[in-house]
Amino acid sequence: MGVQRISVVGVPIDVCRPEDIEGEVLELLAKPGTKQIVFLSIWDLLKARRKSDYGECVRNADLILPVSKSIIKGAKFLKKSIPVRYNQFKAVIEVLSVLERHYKSIYLLGARKVTLQKAESNVRDTFPSLRIVGRYVGYYPKASENAVVEAIYKASPSLVLLSEGIKEKDVWAYRKRNRFASSIFVYYHDALAIFAKRVKRVSEKVFDRGLEIYAEIFHNPFKIFLVFPYLWYKMLLLWYRLFKNNRPV
């Protein structure tokens, strides 16, 4: 069946089954130029509706994987094909496993020096056949950016894993897409911190029940105000169900 692209309130989402991940990654590796896998939360989805670089980044991404339960419920409400919801870290692990099985390479970008070093060591131990062809810390000064881009271009890794410390997040690679050879770019804020065992990953039980937002609110009480964009999302779903559900992706 392969990957199917649907639209939820005007934003593209890919219906990609876990068993199709390997084939999709291999297809991306075979394509020339810069490719992107984007993890999309409900908040990212609302942001992507705007006319912005981020919106363009999402619309042009090669694989868009939903991470919020609300997106899955929204697709059901709109009577679309039902996407698979992905745990970001598990998805990263699966992609790295595919790369290792095919003896590919990775570049690590982000985090502070100690975290990056520890993450690199643990990635080597976990994926011994995956070549790490470079690494660079996040939070770097603007003056260093050209050197970072040049290093990635020369290393030409199969995948660049971006993490904390990359201010532009997914848009970083999109804005520089014409300056790289042929790599897949994936941004996940906590990836390197989890590999370094500095941050705990969300438990499977919490994720499966869609309760990870409460942990976020616990660490940052101001996120309680996300209830307002959530209500806006519900209104958008109703509007699209009634008037715009048949528009193409």
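As a reminder, the structure under discussion sits directly above these lines.
What this report covers is the structure whose coordinates are included nearby. (Residues numbered from 1 in each chain as written. Predicted model: local features only at pLDDT ≥ 70, side-chain atom pairs only at ≥ 80, totals over all residues. Heavy atoms only, no water.)

**Things to note about the pattern of salt bridges**
Reasoning step 1: Throughout the structure, instances matching the rule amount to 16 salt bridges.
Reasoning step 2: Put simply, Arg 17 and Glu 19 hold a salt bridge, and the shortest N to O gap is 3.7 Å.
Reasoning step 3: As a salt-bridge pair, Glu 168 and Lys 176 come within 3.2 Å of each other at their nearest N and O atoms.
Reasoning step 4: Relative accessible area serves as the criterion here: at 22%, Glu 168 is assigned to the partly exposed category.
Reasoning step 5: One salt-bridge network, in which partners are shared between bridges, spans Asp 53, Lys 142, Glu 145, Glu 168, Arg 175 and Lys 176. (Salt bridge = Lys/Arg side-chain N within 4 Å of Asp/Glu carboxyl O. Buried < 20%, exposed > 50% of the residue type's maximum accessible area, 1.4 Å probe, protein only.)

**Some points on helix 6 (residues 113-126)**
Reasoning step 1: With 14 residues, helix 6 extends 20 Å between its outermost C-alpha atoms, agreeing within 8% with the 20 Å of an ideal straight helix rising 1.5 Å per residue.
Reasoning step 2: Within helix 6, the full set of buried residues consists of Thr 115, Leu 116, Ala 119, Glu 120, Asn 122 and Val 123.
Reasoning step 3: Turning to helix 6, the residues buried within the fold contact strand 5 (105-109), strand 6 (131-136) and helix 9 (191-195). (Helix = DSSP H or I, 4+ residues; strand = E, 2+ residues; numbered from the N terminus. Expected span 1.5 Å × (residues − 1). Contact = heavy atoms within 4.5 Å.)

**Let's talk about the packing of helix 4 (residues 69-77) against helix 12 (residues 227-244)**
Reasoning step 1: As a packed pair, helix 4 and helix 12 sit with axes 10 Å apart at the nearest point and diverge in direction by 20 degrees. It follows from the interaxial angle that helix 4 and helix 12 lie roughly parallel. Of the two elements, helix 4 crosses helix 12, and the hand of that crossing is right-handed. Counted together, Ser 70, Ile 71, Gly 74 and Phe 77 of helix 4 and Tyr 230, Tyr 233, Leu 237, Leu 238 and Arg 241 of helix 12 form the full contact between these two elements.
Reasoning step 2: The class makeup of the residues in the contact of helix 4 with helix 12 is 6 nonpolar, 2 polar and 1 charged. (Axes fitted to C-alpha atoms, helices over the stretch in contact; angles between N-to-C directions. Parallel < 35°, antiparallel > 145°, perpendicular 65-115°, else oblique. Left-handed = near helix turned anticlockwise from the far one by under 90°. Nonpolar A, V, L, I, M, F, W, Y, C, P; charged D, E, K, R; others polar.)

**Digging into the nonpolar core**
Reasoning step 1: Judged by nonpolar contacts, the single largest core of 36 residues is most densely connected at Phe 39, Leu 65, Leu 96, Ile 106, Leu 159, Leu 161 and Phe 195.
Reasoning step 2: With 7 residues, helix 5 (residues 88-101) is the largest single contributor of residues to this core.
Reasoning step 3: Membership of the second largest hydrophobic core comes to 24 residues, among which are Val 8, Val 38, Leu 45 and Tyr 54. (Core = buried A, V, L, I, M, F, W, Y, C linked by side-chain atoms within 4.5 Å.)

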